[in-house]
Amino acid sequence: MTNWKKIILVLVLIGVVTGGIMIYRTFTKPHRDVTTEKAVSISAQAIFDAFKTDEAAANKLYLDKAIQLSGEVLDISTNQEGKTVVNFKTNDPLFVINCTFKTNPGTLKPGDTINFKGICTGYIPDANVVINEGVLVEL
Amino acid sequence: MKKIISVSIGLMLIFGTINAQKVYSTRNGKISFIAPNDEDVKAVNNEVTSRLSDNGAMSFSCLIKGFKFGYAEMQDHFNTEYLQSNTYPRADFKGTITNLKEVVFTKNGTYKATVKGDLTLHGVTKNITVNGTITVKDGKMTAIASFPIIMKDFKIDASSVTEKVKAEINCIYQ
């Protein structure tokens, strides 16, 4: 076998292996597990204030971050996929912190104050700050 | 005198009803999308804020980071490479129902609705028209629609994956 044929063979092999690893990673990389992440602790009111005052600055601090939120439950519902959704009160009656739980937070009622961890996906003006992947934290 | 009072109250009630526009809303509507030629490329967002008013106004807002993929690696690529969700965290649509006369908010039924408005995605705003249905059931509204999103219309370079996706909306309003 000539040298250049060897070189091509090696290059093709490298390509196939790299491609294989990339495909393998695409289909096997685990989703984020917020329970193992260090979270930023904040109250429902404080995260609302931060976004309302300066959305861009708040995005830098909280967007895509693990958040440990404490807040007073306003209402509890279920989304179209059967996951529990809890809205937390702020001092603005039209504005809530909207939190979708990954694991069932158990029996909650309006007025309860709870602590949980989740991932902040951002801010929708005049409506809510959104947190998903919520998991209850026992204090 | 009594007559005048009761007539005035009657008039106030009538005009009050006419003026009061009713707004239906949700914070947990659903928008999903799928690539037509690769069904692994699909994601769903269950945290869509939407408002529907009986005067025909309709709005949708959703956070790009709220789209969940079956595969975590795809979700990362989608956020960092294709949608740049740190720079453009939200997609917004504001529009109006163009055939409002055909949608009866006070009567149970499923009505065809055409909604025209501006979709802002990846920092690009484009006027779109979407055909869907609004179902009225005992005062509860459900809006369903399906429409294509062409990547290059919104300056999204995902050509290695897909040129377009099919988006589906399913929002239940309170």
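Residues numbered from 1 in each chain as written. Chains lettered and ligands numbered in written order. Predicted model: local features only at pLDDT ≥ 70, side-chain atom pairs only at ≥ 80, totals over all residues. Heavy atoms only, no water.

1. A short note on the overall build of chain B
Secondary structure assignment for chain B yields two helices and nine strands. Going from the N terminus to the C terminus, chain B shows its helices and strands as α-β-β-β-β-α-β-β-β-β-β. Sorting the 174 residues of chain B into buried and exposed places 44% on the buried side. The contacts of chain B with a sequence gap of at least 6 include a subset with a gap of at least 24, amounting to 55%. Within the structure as shown, chain B displays about 9,600 Å² of accessible surface, and the carbon and sulfur contribution to it stands at 57%. (Helix = DSSP H or I, 4+ residues; strand = E, 2+ residues; numbered from the N terminus. Buried < 20%, exposed > 50% of the residue type's maximum accessible area, 1.4 Å probe, protein only. Contact = heavy atoms within 4.5 Å. Areas by Shrake-Rupley, 256 points an atom, 1.4 Å probe, with all protein chains shown as cover.)

2. Brief notes about the overall build of chain A
If you tally the helices and strands in chain A, you get three helices and six strands. Starting at the N terminus and walking to the C terminus, you meet the elements of chain A as α-β-α-α-β-β-β-β-β. Relative to the compact-globule value of 14 Å for 139 residues, chain A shows a C-alpha radius of gyration of 22 Å, a clear excess of over 25%. Overall, the C-alpha framework of chain A stretches about 80 × 35 × 30 Å when taken along its three principal axes. Long-range contacts, defined as pairs at least 24 residues apart, comprise 59% of the intrachain contacts of chain A with a sequence gap of at least 6. (Rg over C-alpha atoms; globule rule 2.2 N^0.38 Å.)

3. What to know about unusual backbone geometry
Residue and element names in this part refer to chain A. Although it is not a glycine, Asp 126 adopts a positive phi angle of roughly 65 degrees. On the secondary structure map, Asp 126 appears in the loop between strand 5 (113–124) and strand 6 (128–136). The class of Asp 126 is exposed, set by a relative accessible area of 60%. Residue Glu 133 is not a glycine yet carries a positive backbone phi of 60 degrees. As for its placement among the helices and strands, Glu 133 is situated in strand 6. Glu 133 sits in the buried class, given a relative accessible area of 15%.

4. Notes on a nonpolar patch on the surface
All names here are of chain A. Judged by side-chain polarity, Trp 4, Ile 8, Val 12 and Val 16 come together as a nonpolar surface patch covering roughly 430 Å² of accessible area. Along the polypeptide, Trp 4 turns up in helix 1 (residues 3–28). Taking the relative accessible area as the measure of exposure, Trp 4 reaches 55% and is therefore exposed. (Patch = residues over 30% accessible without salt bridge, like charges linked within 9 Å, V, L, I, M, F, W, Y side chains within 5 Å. Salt bridge = Lys/Arg side-chain N within 4 Å of Asp/Glu carboxyl O.)

5. Concerning the interface of chain A and chain B
With 30 residues of chain A at the contact, the number on the chain B side is 31 residues. Across the chain A/chain B interface, buried area totals approximately 2,500 Å², and carbon plus sulfur atoms make up 50% of it. Viewed at the interface, chain B and chain A are joined by five salt bridges. Summed over the shared surface of chain A and chain B, the result is 15 residue pairs in polar contact (both at pLDDT 80 or more). Those elements giving two or more residues to the side of chain A that touches chain B turn out to be helix 1, helix 3 (55–62), strand 3 (84–89), strand 4 (96–101), strand 5 and strand 6 of chain A. (Buried area = accessible area lost by both parts, 1.4 Å probe. Polar contact = N/O pair within 3.5 Å; in protein donor to acceptor, adjacent residues only side chain to side chain.)

6. Brief notes about the environment of Ala 158 of chain B
All names here are of chain B. Within the element layout of this structure, Ala 158 appears in the loop between strand 8 (140–150) and strand 9 (164–173). Ala 158 gets classed as buried once you look at its relative accessible area, which sits at 4%. Sequence separation between Ala 158 and Tyr 82 is 76 residues, and the spatial gap between their C-alpha atoms is 5.8 Å. Discounting chain neighbours no more than four positions away, the residues touching Ala 158 are Tyr 82 and Met 151.

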